[in-house]
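Below are the chains, spelled out letter by letter.
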Amino acid sequence: MTKLTILTLPDKRLKTIAKPVTVFDQKLQEFANNMLETMYEAPGIGLAATQVDEHIQLVVIDISEEKNQPLCLINPKIIQKDGQQVHEEGCLSVPGIYAKVKRASTIEVKYQDETGKEHQMQADELLAVCIQHELDHLKGIVFLDHLSPLKRKMAMKKLEKEAENSD
Ligand code: NI
């Protein structure tokens, strides 16, 4: 397996809109495994292909404490949203920044697995947050885009400062 490089803001490639996956071959399965390894090593609970500069509709998620419940959602679509929840989010592409984001509390999502088989699942709480966050990446959206202009500006300043300090 290969650990992939994660893009960070303000990298413009994070704004790319991902294309649907049409070929479900061994290469795709290897990519999904590399995505999972990269996410676990980061460590993170979700990673979208966009974040490793592969612009296909694929995200990996694992919110379990034991890190033994990997999910790979390909061509995912949220078909129903209900309620509202506010959760403090972070992102591997926005290191060191955390902010409260308002999202749907329950979602119904359709997706395909690595073999192309179709699935449908319902998610709530943290899993619902995570899925909505990762699916945003596939549309070129990061969680900071959900904040007010002022809060987003403050977060970007903090991000710049942290980048300077790490140089
Ligand atoms: Ni993210």
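Residues numbered from 1 in each chain as written. Predicted model: local features only at pLDDT ≥ 70, side-chain atom pairs only at ≥ 80, totals over all residues. Heavy atoms only, no water.

Asker: Give a detailed account of the layout of surface pockets, specifying residues and quantitative values.
Answerer: What the largest pocket holds in volume is close to 260 Å³. Surrounding the largest pocket, 16 residues form its lining, Ile-45, Gly-46, Gly-90, Cys-91 and His-133 being those nearest its centre. If you list the elements that add at least two residues to the lining of the largest pocket, you get strand S4 (85–89) and helix H2 (125–138). Per-element tally for the lining of the largest pocket: the top contributor is H2, with 5 residues. Looking at the lining of the largest pocket residue by residue, the class counts come to 7 nonpolar, 6 polar and 3 charged. (1 Å grid on protein atoms, 1.4 Å probe; cavity = no way out; pocket = protein on both sides within 12 Å on 5 of 7 lines; lining within 4 Å. Points joined across faces, edges and corners; volume = space filled by probe spheres on them. Helix = DSSP H or I, 4+ residues; strand = E, 2+ residues; numbered from the N terminus. Nonpolar A, V, L, I, M, F, W, Y, C, P; charged D, E, K, R; others polar.)

Asker: Residue-level account of the coordination of the nickel ion, with values.
Answerer: Protein-derived ligands of the nickel ion are Cys-91 (SG), His-133 (NE2) and His-137 (NE2), with the metal-ligand distances lying across 2.1 to 2.2 Å. Of note, the nickel ion draws all its donor residues from one chain, in the sequence arrangement C-x41-H-x3-H. In this pair, Cys-91 is assigned in the loop between S4 and strand S5 (99–103) and His-137 in helix H2, connecting sequence segments 46 residues apart. Assigned by exposure class, Cys-91 and His-137 land together as buried. (Donors = N, O, S within 2.8 Å, 3.2 Å for Na, K, Ca; no water. Buried < 20%, exposed > 50% of the residue type's maximum accessible area, 1.4 Å probe, protein only.)

Asker: Describe the nonpolar core, listing the residues and the values that go with them.
Answerer: Side chains of nonpolar character tend, in soluble globular proteins, to be buried together. Counting residues in each nonpolar core, the largest one holds 18 residues, and the members touching the most others are Ile-61, Met-121 and Ile-131. Of all the secondary structure elements, the ones that give two or more residues to this core are strand S2 (58–61), strand S3 (71–82), strand S6 (106–112), strand S7 (118–124) and H2. Per element, the largest residue contribution to this core is 6 residues, and it comes from H2. Other than its neighbours up to four places away in sequence, Ile-61 contacts Met-39, Ile-45, Gly-46, Gln-69, Pro-70, Leu-71, Leu-73, Leu-127, Cys-130, Ile-131 and Glu-134. (Core = buried A, V, L, I, M, F, W, Y, C linked by side-chain atoms within 4.5 Å. Contact = heavy atoms within 4.5 Å.)

Asker: Describe the sheet that holds S7, naming the residues involved and giving the relevant values.
Answerer: Strand order in this open sheet of 5 strands is S1-S2-S3-S6-S7, and the pairing throughout is antiparallel. Each edge of the open sheet is held by one strand with a lone partner, namely strand S1 (46–48) and S7. When the angles between neighbouring strand axes are averaged without regard to direction, this sheet yields 40 degrees. Strand direction decides the pairing type here: S1 and S2, joined by 3 bridges, are antiparallel. Within S2, the position partnered with Leu-47 by the bridge is Val-60. Where H2 meets the sheet, its contacts fall on S1, S2, S3, S6 and S7, and the angle it forms with S7 comes to roughly 120 degrees. (Pairing = 2+ DSSP bridges. Axes fitted to C-alpha atoms, helices over the stretch in contact; angles between N-to-C directions.)

Asker: Tell me about the pairing of S7, and please be specific about residues and values.
Answerer: By the bridge criterion, 7 bridges tie S6 to S7 in an arrangement that is antiparallel. Residue pairing for S7: Lys-110 is matched across the bridge by Gln-120. What sits between S6 and S7 in their antiparallel hairpin is a turn of 5 residues, with Gly-116 showing a positive phi close to 95 degrees.

Asker: Any details on the side chain of Gln-85? Residues and values, ideally.
Answerer: Turning to its location among the elements, Gln-85 is positioned in strand S4. Note on Gln-85: relative accessible area 15%, which makes it buried. Here Ala-104 takes part through its backbone oxygen, which lies 3.2 Å from a polar atom of the side chain of Gln-85. Not counting the four nearest positions on each side in its chain, Gln-85 is found in contact with Val-101, Lys-102, Arg-103, Ala-104, Ser-105, Glu-125, Ala-128 and Val-129. (Polar contact = N/O pair within 3.5 Å; in protein donor to acceptor, adjacent residues only side chain to side chain.)

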